[in-house]
Amino acid sequence: MIYSYWKIIIVDYDINSKNMLPKKFLLSSLTTAVFFLLPFLILAQEEEEEAVGEKPELQTSELTPEFNFDGYFNLSEWQTANDSIADLITIDPEEGGEPEGMTTIKVFANQNEIIVAARCFDDDPDGIVSFSKARDSELAEEDHLLIVFDTFLDGRSGYVFAVNPDGARFDGLVIEQGEDVNSDWDAIWEAKTSRDNNGWYVEIRIPIKSLSFKKDLADWGFNVQRRVQRIQETSRWSAPKRDFEVLQTNRAGLLTDLPVFDFGVGLSFRPSILGRARKETGKDTEFEFEPSLDVTQRLGPNLLSSLTINTDFAETEIDVRQINLTRFPTFFPEKRTFFLQGSDIFEFGLGLDEDNLIPFFSRRIGLFGLDEDEQREVPINVGVKINGRVGNTNLGALVVNTSRVDNLQLGDVDEDISMDVPQRTIGAFRIKQNILEESSVGVIGSFGDQIGRSGSWSGGFDFVFRTSNFLDEKNFLIGVWGLLNEREDLSGDKSAFGFRVDYPNDLFDFNFTTIHLGDGFDPSLGFVPRNNLHIWDFSGEYKPRPNWELVREMTHELSFIIYNTRNNSTWESYEVVIKPIDWLFESGDQFEAGIEPQGDRPPEPFELANDSDIPAGAYEWIRYFACVNSAHKRVVSGGIRCEFGEYYNGDLTTLEALLAFKPSSFFTIELTGERNTGKASVLPDDYEELLEEGEGIELVEKEYTEQLFGIRLLINISADLQVSSFTQYDTQSKELGTNNRLRWTFDPFGEIFIVYNYNEIWRTDEGRWQFISNELPIKVQYTWRF
């Protein structure tokens, strides 16, 4: 078995043997190798840059008062433009080909705003795939036009705007040098669209005050990409190569002859008024009326300060529930607007995520609970943020003061658990210096603890060498990082450090990571699912395009991750993924299948499912999986995934399904379900009492079933008015919850939210539903800019 080979290399040795390299020597050797290779990599990067062709250019046209922003093609307005992008170049299905439908783009600007206008020709306008109208819709599976601005002309950062033919808008920030986009950023901007027999037309208007930029630049980085979902076609203006992402702004073209922009005072006020009625079981209905205020002030064109007072998150969508059949905590992403804006600056360390470590996790502020899925809100009195850049230095800082809460109720509805949460001041900072062409070095720090544990702080550094010119314009990255933390209840090894090599490209994509987490590493403002271990992680993908009639792309994956004890003396858990089949068909449908050898050594009993405790021990098993997904371009689409095989000392079959019905852009309904059925040899219910009495324990074979169901409904009255409903039920918590929200953008600067939440629990012993809580918040907010 593949695992056995890796186990011999990484685990099976005497840690005290004189024949083995000491850990410190190994780490110093890795560090020496990195810095020994860097000069050669930098030299290679400089040599490759000389071979990079000239960037395409688009001249900005003057935006006159006569321009009518209505989303309809106007020949006289179109002809006033000095320059235009005549067409794009395909990257899929053929790299460097001619798209089936022409795309023409013009850019207009004055001192206050920028307008991007595009004609998207289509020979089959009835075949346009467009279902969404809501703000921040995921448009990857629909026809859309995406534009990217590099307003600092540094090839590192950027703004992303995308629109589909029905006017659904998506915006975000370029992060990780173009490897990803932070879709949580929201700006004030508009888009209008229309269709005719030739295809569709879009106008995008962006107020200059919605952007940060380097002063006195006459040119910006600029790129455009179009997706035609019906034929699975992607075309791009600049750098139309599969190895590059449109988000990599160092490969963008140039938008030239920009006017001198008027930024004004750079001050904005957004007052909000919230009215809420809330009812909880056993209590009278409570009524609240609370104002709040958000103020932002630009400290120059590229540095923003923010102040929030009496912050409320009534409009935030609820967390998506998850079935957890492991002994590790479940991760839920941040959704609160104040913490999402500018959150990309706190990204730290190459390859760090919720599977291993997040040094700064903002859900540790203003939320607290016994488990990740039972968080209770701690009110925020005031918060201050600064984020942006000064020269080649990116910086961000956050300080929040939370209220005192007496008898904060913790646990589920049946648990009478509460605690007093003191008033606390909590904060974090991040500084990252741009070096070389695409690389960076930085520091991060945090202080404070939501429940008042004293002496809490963490800090660390990271270095990332990055180039997109490695071996004939390929992407290549090396990252090293280290962290320390402190708190009154921590002892032992309070450090964490890691190293990663990454080669993320189209045909071959592989990476290797090693991470050390000390037994005393548990930062108060971080997310660490497990510590006191050493992680070794390798992942590789080979993705050829076979030029078959029906198959667009094939992906072959082999990945391996092992969690060793901190001194690498033995393994704690491991997982191997062998996926020989992952086929994307020309139709957009997908099929994949593979094998997953796994192992785990729980040091103490843990609850696998309700009333089913797995004893401590060493377990190894093999699981199998298969998955089918239909193309999202269809009116009815969906997918089904089946996993089966052994699990700990028994077996487990997991079936996940999704069904989406999209008859038009006005109405969408999505059904999701997950069913886990298994059996295991578990501890008897009274095993703790038996242990105390010195009695022997005999395992009991038990069957278990855990299920999760969800219904999501979306009514798109217009691009500025949507009604959504999300209902969930799972058998682990036995709670039914629904989140219903109306969002009306009545003005580009103003919004109204009406939300209704309802929760109840199923009483199995009584055979009935019991009410838990409901609430009805109404929130109005409006922004004034100066």
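Chemist: Is there a simple way to think about the overall build of the protein in this case?
Modeler: A count of helical and extended segments in the protein gives 5 helices and 46 strands. Against the compact-globule benchmark of 28 Å for 786 residues, the protein has a radius of gyration of 27 Å, which places it among compact chains. For the protein, the spread of C-alpha atoms along the principal axes amounts to about 90 × 70 × 55 Å. Sequence separation of at least 24 residues holds for 61% of the intrachain contacts in the protein that already meet a minimum separation of 6. In the structure as shown, the protein presents an accessible area of about 35200 Å², 54% of it carried by carbon and sulfur atoms. Positive and negative side-chain charges in the protein, numbering 72 and 135 respectively, have mean positions lying 3 Å apart.

Chemist: How do you make sense of the pattern of salt bridges when you look at a structure like this?
Modeler: As a working rule, side chains carrying opposite charge can pair if their charged atoms are close by. Tallied over the entire structure, the rule returns 54 salt bridges. For Asp154, the salt bridge identified is with Arg389, shortest N-O distance 2.3 Å. On the criterion of sequence distance, the pair formed by Asp154 in the loop between strand 6 (144-150) and strand 7 (159-163) and Arg389 in strand 20 (residues 380-390) is long-range, its members being 235 residues apart. A salt bridge links Asp406 to Arg404, with the nearest nitrogen and oxygen atoms 2.9 Å apart. Given a relative accessible area of 46%, Asp406 falls into the partly exposed group. A network of salt bridges, in which partner residues are shared, links Asp92, Arg242, Asp506, Arg545, Arg552, Glu553 and Glu586.

Chemist: Hey, could you run me through the packing of aromatic side chains in this one?
Modeler: Two numbers describe a pair of aromatic rings. These are the distance of the centres and the angle of the planes. Under the counting rule described, the total for this entry stands at 41 aromatic pairs. Centroid distance Phe67 to Phe108: 5.1 Å. Interplanar angle 50°. Geometry classified as tilted. Placement of Phe67 in the loop between strand 2 (61-62) and helix 3 (75-79) and of Phe108 in strand 4 (residues 103-109) is noted, with a sequence separation of 41 residues between them. An identical accessibility class is assigned to Phe67 and Phe108; each is buried. By way of ring pairs, the aromatic residues Phe149, Tyr159, Phe161, Trp185, Trp189, Phe213, Trp220, Phe222, Trp237 and Phe261 are connected into one cluster. Cation over ring: Arg169 sits above Trp189, and NZ or CZ is 5.5 Å from the ring centre. Just above the ring of Tyr563 sits the side chain of Arg530; from NZ or CZ to the centre is 4.1 Å.

Chemist: When you look at a negative patch on the surface in this model, what are you seeing that I'm missing?
Modeler: A surface patch of like charges, here negative, comprises Glu607, Asp611, Asp685, Asp686, Glu688, Glu689, Glu692, Glu693 and Glu695. Per-element accounting of the negative patch gives the leading share, 3 residues, to helix 5 (residues 687-692). Tracing the sequence through the fold places Asp611 in the loop between strand 35 (606-609) and strand 36 (612-614). The exposure class assigned to Asp611 is exposed, which follows from its relative accessible area of 52%.

Chemist: I tried to follow the environment of Tyr574 on my own but got confused; where do I start?
Modeler: Following the sequence through the fold, Tyr574 ends up in strand 33 (residues 571-585). Tyr574 sits in the buried class, given a relative accessible area of 4%. Separated by 46 residues in the primary sequence, Tyr574 and Glu620 place their C-alpha atoms 9.0 Å from one another. At 3.4 Å, the side chain of Tyr574 and the backbone oxygen of Gln598 are in polar contact.

Chemist: Please explain the sheet that holds strand 11 (residues 199-207) as it appears in this structure.
Modeler: In any sheet, the strands associate via hydrogen bonds between backbone groups, in a parallel or an antiparallel arrangement. Spatially, the 5 strands line up as an open sheet ordered 2-4-5-11-10, and their pairing is mixed. Strands at the two margins of the open sheet, each flanked by one partner only, are strand 2 and strand 10 (190-196). Taken together, the 2 bridges between strand 2 and strand 4 define a ladder with parallel strand orientation. Note on strand 4: the bridge partner recorded for Ser61 is Phe108.

Chemist: Can you help me understand the nonpolar core in this one?
Modeler: Nonpolar side chains in soluble globular proteins generally cluster together in the buried interior. Within the largest apolar cluster, 37 residues are counted, with the highest numbers of intra-cluster contacts made by Ile114, Phe149, Phe161, Ile204, Trp220, Phe222 and Val224. Secondary-structure elements contributing two or more residues to this core are strand 4, strand 5 (113-121), strand 6, strand 7, strand 11 and strand 12 (220-228). In terms of nonpolar packing, the next biggest core, distinct from the first, is built from 28 residues, Phe348, Ile365, Val400 and Ile535 among them.

Chemist: Please clarify how the side chain of Thr256 should be interpreted in this entry.
Modeler: Residue position: Thr256 is located in strand 14 (residues 253-256). In contact with Thr256, not counting residues within four places along its chain, are Glu57, Leu58, Gln59, Thr60, Ala218 and Asp219.

Chemist: When you look at the confidence of the model for the protein in this model, what are you seeing that I'm missing?
Modeler: The predicted structure's coordinates, where accompanied by low pLDDT, should not be read in detail. For the protein, the mean per-residue pLDDT works out to 88, and 92% of the residues sit at or above 70. Counting contacts from residues 1-36, a segment whose pLDDT is below 50, to residues more than four positions away or on other chains yields 41 contacts. Here residues 43-52 is modelled with pLDDT under 50, and outside its nearest four sequence neighbours on either side it reaches 16 contacts, counting other chains as well.

Chemist: Please clarify how the pairing of strand 39 (residues 650-664) should be interpreted in this entry.
Modeler: As paired strands, strand 38 (residues 636-647) and strand 39 are joined by 12 bridges and run antiparallel to one another. Looking at the pairing, Glu646 lines up with Asp651 of strand 39. In this antiparallel pair of consecutive strands, strand 38 and strand 39, the connection spans 2 residues, and Tyr648 shows a positive phi of 50°. In this structure, strand 39 lies alongside strand 40 (residues 667-682), joined through 12 bridges in antiparallel fashion. Each bridged residue has a counterpart across the sheet, and for Asp651 the counterpart in strand 40 is Lys679. Taking the residues between adjacent antiparallel strands as the criterion, strand 39 and strand 40 are bridged by 2 residues.

Chemist: Sorry if this is basic, but what is going on with the environment of Lys702 here?
Modeler: Looking at the secondary structure, you find Lys702 in strand 41 (residues 700-718). In this structure the C-alpha to C-alpha distance between Lys702 and Asp613, which are 89 residues apart in sequence, comes to 10.0 Å.

Chemist: Would you explain the state of the cysteines in this entry?
Modeler: Here a disulfide denotes one covalent bond, and it connects the sulfur atoms of two cysteines. Taken as a whole, this structure holds 0 disulfides when the rule is applied. For the unlinked cysteine Cys642, the closest cysteine sulfur is that of Cys627, found at 10 Å.

Chemist: Can you help me understand empty space enclosed by the protein in this one?
Modeler: Any empty space left between atoms is shown by rolling a water-sized probe over those atoms. Within the structure shown, the criterion is met by 4 cavities of 30 Å³ or more. Taken as a whole, the largest cavity spans an internal volume of roughly 70 Å³. If you trace the largest cavity, you find it lined by Glu100, Gly101, Phe121, Asp122, Asp123, Arg226, Val228, Arg230, Ile231 and Glu233. One number sums up the size of the second largest cavity: a volume of about 50 Å³. Lining the second largest cavity are Phe73, Arg119, Cys120, Phe121, Asp196, Asn198, Gly199, Trp200 and Tyr201. Across the lining of the second largest cavity, the residue classes tally to 5 nonpolar, 2 polar and 2 charged.

Chemist: For this particular structure, what's the right way to read the environment of Leu721?
Modeler: Along the chain, the position of Leu721 falls in strand 42 (residues 721-730). The sequence separation of Leu721 and Leu742 amounts to 21 residues, and the corresponding C-alpha distance is 7.5 Å.

Chemist: Sorry, what's going on with the side chain of Asn676 here?
Modeler: Structurally, the position occupied by Asn676 is in strand 40. Engagement of the side chain of Asn676 in a polar contact is seen with the side chain of Glu674, the distance being 3.0 Å. Residues in contact with Asn676, not counting those within four places in the same chain, are Ile323, Leu325, Leu652, Thr653, Thr654, Tyr704, Thr705 and Glu706.

Chemist: I would appreciate a short explanation of unusual backbone geometry in the present structure.
Modeler: Among all residues save glycine, negative phi is the norm, and among peptide bonds the norm is trans. Of the consecutive residues Asp92 and Pro93, the connecting peptide bond is found in the cis state with omega at 10°. As for its position among the elements, Pro93 is in the loop between strand 3 (89-92) and strand 4. Positive phi is not limited to glycine here, since Leu471 has a value of about 50°. Within the secondary structure layout, Leu471 lies in the loop between strand 26 (457-470) and strand 27 (474-486). Leu471 gets classed as exposed once you look at its relative accessible area, which sits at 55%.

The rules we used
Residues numbered from 1 in each chain as written. Predicted model: local features only at pLDDT ≥ 70, side-chain atom pairs only at ≥ 80, totals over all residues. Heavy atoms only, no water. Helix = DSSP H or I, 4+ residues; strand = E, 2+ residues; numbered from the N terminus. Rg over C-alpha atoms; globule rule 2.2 N^0.38 Å. Contact = heavy atoms within 4.5 Å. Areas by Shrake-Rupley, 256 points an atom, 1.4 Å probe, with all protein chains shown as cover. Lys, Arg positive; Asp, Glu negative; His and termini not counted. Charge placed at Lys NZ, Arg CZ, Asp CG, Glu CD. Salt bridge = Lys/Arg side-chain N within 4 Å of Asp/Glu carboxyl O. Buried < 20%, exposed > 50% of the residue type's maximum accessible area, 1.4 Å probe, protein only. Phe/Tyr/Trp six-rings, centres within 6.5 Å; stacked < 30°, edge-to-face > 60°. Lys NZ or Arg CZ within 6 Å of the ring centre and 35° of its normal. Patch = residues over 30% accessible without salt bridge, like charges linked within 9 Å, V, L, I, M, F, W, Y side chains within 5 Å. Polar contact = N/O pair within 3.5 Å; in protein donor to acceptor, adjacent residues only side chain to side chain. Pairing = 2+ DSSP bridges. Core = buried A, V, L, I, M, F, W, Y, C linked by side-chain atoms within 4.5 Å. pLDDT = per-residue confidence, 0-100. Disulfide = S-S within 2.5 Å. 1 Å grid on protein atoms, 1.4 Å probe; cavity = no way out; pocket = protein on both sides within 12 Å on 5 of 7 lines; lining within 4 Å. Points joined across faces, edges and corners; volume = space filled by probe spheres on them. Nonpolar A, V, L, I, M, F, W, Y, C, P; charged D, E, K, R; others polar.

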